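Secondary and tertiary structure notes
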Protein chains: 2
Amino acid sequence: MGKDFGGFKSILIIGLGLIGGSVALSLRKEGYRGKIYGFDLNEYRIKKAVEMGAIDKGFTDIESIPWDEIDLVILSTPVKTFLTIAENIKRYLRKDTVVTDVGSVKGELVKKLEEILKPAVFIGAHPIAGTEKEGVENAVVGLFKGKKVILTVDHQDEHTERIKKFWEDLGSKVEIMDPFVHDFVFAAVSHLPHAVAFALVDALIELSKERDIDLFLYPGAGFKDFTRIAASSPVVWKDIFIENKEEVLHTIDQFIKSMEKLKDYIKNEDEKKLIDLLSESRERRLSLD
Amino acid sequence: MGKDFGGFKSILIIGLGLIGGSVALSLRKEGYRGKIYGFDLNEYRIKKAVEMGAIDKGFTDIESIPWDEIDLVILSTPVKTFLTIAENIKRYLRKDTVVTDVGSVKGELVKKLEEILKPAVFIGAHPIAGTEKEGVENAVVGLFKGKKVILTVDHQDEHTERIKKFWEDLGSKVEIMDPFVHDFVFAAVSHLPHAVAFALVDALIELSKERDIDLFLYPGAGFKDFTRIAASSPVVWKDIFIENKEEVLHTIDQFIKSMEKLKDYIKNEDEKKLIDLLSESRERRLSLD
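Residue positions are given per chain, counting from 1 as you read along its sequence in written order. In the order they appear in the text, chains get letters beginning with A and ligands get numbers beginning with 1. Local features are withheld for residues below a pLDDT of 70 in this predicted model, meaning they are given only at 70 or higher, and side-chain atom pairs are given and counted only at 80 or more; totals for whole chains, interfaces and linings count all residues. In computing side-chain properties, one takes all heavy atoms of the structure into account and sets aside hydrogens as well as water.

Stated precisely, the cut-off is as follows: UniProt positions are given in the numbering used here, feature names are shortened, and annotations may be inferred rather than shown by experiment.
The name given to chain A in an unreviewed UniProt entry is prephenate dehydrogenase, and the organism recorded there is Persephonella marina. Looking at the Pathway (unreviewed entry) heading of the UniProt record, one finds this comment for chain A: "Amino-acid biosynthesis; L-tyrosine biosynthesis; (4-hydroxyphenyl)pyruvate from prephenate (NAD(+) route): step 1/1." Listed under Sequence similarities (unreviewed entry) in UniProt, the entry text for chain A is "Belongs to the prephenate/arogenate dehydrogenase family."

**Digging into the pattern of salt bridges**
Rules: Salt bridges are identified by distance alone: a Lys or Arg side-chain nitrogen within 4 Å of an Asp or Glu carboxyl oxygen. Strands here are runs of E lasting at least two residues and helices are runs of H or I lasting at least four, both read from the DSSP assignment and numbered beginning at the N terminus. Only protein chains enter the accessibility calculation, which uses a 1.4 Å probe; a residue whose area is less than 20% of its type maximum is buried, one above 50% is exposed, and one in between is partly exposed.
All chains considered together, the criterion is met by 50 salt bridges over all chains. The shortest N-O distance in the salt bridge between A:Asp253 and B:Lys263 comes to 2.7 Å. Placement of the pair is A:Asp253 in helix H9 (residues 245-267) and B:Lys263 in helix H9 (residues 245-267), with the two residues belonging to separate chains. Residue class for A:Asp253 comes out partly exposed when judged on its relative accessible area of 32%.

**Notes on the side chain of B:Ser22**
All names here are of chain B. To be explicit about the condition: What qualifies as a polar contact is a pair of N or O atoms within 3.5 Å, subject to a donor-acceptor requirement within protein and to the restriction that residues adjacent in sequence count only when both atoms come from side chains. Residue contacts are defined here by distance: any two heavy atoms, one from each residue, within 4.5 Å place the two residues in contact.
Checked against the element boundaries, Ser-22 lands in helix H1 (residues 18-29). By relative accessible area, Ser-22 is classed as buried at 0%. Side-chain polar atoms of Ser-22 contact the backbone oxygen of Leu-18, separated by 2.6 Å. Among the polar contacts made by the side chain of Ser-22, one reaches the main-chain amide nitrogen of Val-140 at a distance of 2.9 Å. Non-local contacts of Ser-22, meaning those with residues more than four positions away in its chain, are made with Ala-139, Val-140, Leu-143 and Phe-144.

**Comments concerning the packing of aromatic side chains**
All names here are of chain A. Selection criterion: Only the six-membered ring of Trp is used, alongside the rings of Phe and Tyr, when aromatic pairs are assigned; centres must lie within 6.5 Å, and planes under 30 degrees apart are stacked while those over 60 apart are edge-to-face, with the rest tilted.
Scanning all chains against the criterion turns up 17 aromatic pairs over all chains. Residues Trp-67 and Tyr-92 carry aromatic rings whose centres are separated by 5.2 Å and whose planes lie at 10 degrees to one another, so their mutual orientation is stacked. Taken together, the residues span a long stretch of sequence, with Trp-67 in the loop between strand S3 (57-59) and strand S4 (72-75) and Tyr-92 in the loop between helix H3 (82-89) and strand S5 (98-101) at a distance of 25 residues. Where Phe-144 meets Trp-167, the ring centres are 5.2 Å apart and the plane angle is 75 degrees; that geometry is what we call edge-to-face. Of the two residues, Phe-144 is situated in the loop between strand S7 (125-127) and strand S8 (148-151) and Trp-167 in helix H5 (residues 158-169); the sequence distance between them amounts to 23 residues.

**So, helix H5 (residues 158-168) of chain B**
Those residues of H5(B) not exposed but buried are B:His159, B:Thr160, B:Ile163, B:Lys165, B:Phe166 and B:Trp167. The N-cap of H5(B), judged by a side-chain oxygen 3.1 Å from the amide nitrogen of B:His159 a few residues on, is B:Asp157.

**Brief notes about the sheet that holds S3(A)**
Residue and element names in this part refer to chain A. As a reminder, the rule being used: Strand pairing is assigned whenever DSSP detects at least two bridges linking the two strands. Only the stretch in contact is used when fitting a helix axis, every axis being a line fitted to C-alpha atoms; angles between N-to-C directions are given from 0 to 180 degrees.
With respect to topology, six strands assemble into an open sheet ordered S3-S2-S1-S4-S5-S6, the strand pairing being parallel. Edge positions in the sheet fall to S3 and strand S6 (121-123), since each has one partner strand and no second. Sheet twist, expressed as the average angle between the axes of neighbouring strands with direction ignored, equals 20 degrees. Where strand S2 (residues 35-39) and S3 come together, three bridges link them in parallel fashion. Following the sheet pairing, Phe-39 is matched in S3 by Phe-59.

Right, dumping it as structure tokens:
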């Protein structure tokens, strides 16, 4: 079957950030022929998105959007805004309009969105791709190529199939996952590492003050790679941490336990346990390459 | 002044690991004309180092080394072995032999080495370069080019100047630092991040067990970069953590405080404080690029 991106004729992307912009640019690059509309409160981003050829037309107010044409809506604003946006757009949606998103938090939120948007259909999606940059101006063509996209539906139907096709035609590998399992998994593999990177830089700021030495003058081997994700958007991550609060706090607790364990081994100079912990971590990490 | 690598005629590298091997290969590449001898307990590494053109000749026993020729000894074994090695080689050293090292821990160790090796001179050195790989077979030509090398001497004399010249001729930028300040700085910018990376992978192993999901199937954006240093040598890092125990434990404590602070802000959904912490970390991190 050729590329039809799920057969959607006109797409509305709400939020012209890095991900929204990258979806639009990648659609064009991969040969999508339908209309791509954009909505953003920021006029500069709309102007920019049009200039870049990412969208055909942009809107800053909801009423002006040609809703009759739209058969796919992609929420790509911060997750925190999804419920409000859903409440505001629901009256404009056709019964067969599919709404999806690109957010990093699912769980309860997905259930609420499905409820609010009825009879239109909501299919939660989470492309595992991104950079630490922000804004449509940093959008990347092909950002989703070869990357996983998680669809958080509990049953598979024609709408799921269309969204699956949409992402596959952008080169992604689609996987179905329960929305609550999703939130645990991504708390562990994404939200926790971000929390750790932010906290590590914070610790270095505090330690610099304590001894009156600018530690940031000595970024040793690995430190820059290690903390790159601490350059991620504070607003986006504040939202993710709060939206996925329960699982994030749980994974932070486990991480602090691991940190305390390592600390005890060092304090007791327990060479055997240290080697065991370091070796097991090393092997698991190497298995990713 | 042309390249003379500090004017040393014959160099002995003790420990043909990644760093020792990279020093040897880089010396050759940059035009060093003297002899380079290697010492290692592992015959395979000696054979490999000779094959690679890194060293002229290698030895597995100390007595066979042509000590009369050697005017620079570079310790590049794990830091833990330095004192024993110093005790074993001191009787062979000439009064004007300079001993240096490439270790990541200084402080008290430097003071002890200076004492043991008298009347020969010890100049502590720490090149801020490396990879997570091990062994002479992974040695990298030009590893030290453009990288900082910290010399931990409390006074500058002709020996310091020669070691400075040695590293500058390999393309490094040399900086002088008190050995105790060095241990604090590198606990914070290097040892702590490694501890954090190992603990993070450990936490993911524990969380995977807890919910019976292999979290390593979902390495999200940034996670691989973030944990790359957890693939570092367990033996090397076990030693570093124990050798620099006091400062490492202190920086881990500060890091756990930062982690707990972030956790509290998330728990209380304190958006303002979250944004402040995340933004400050982000700005400091961006200042490194």
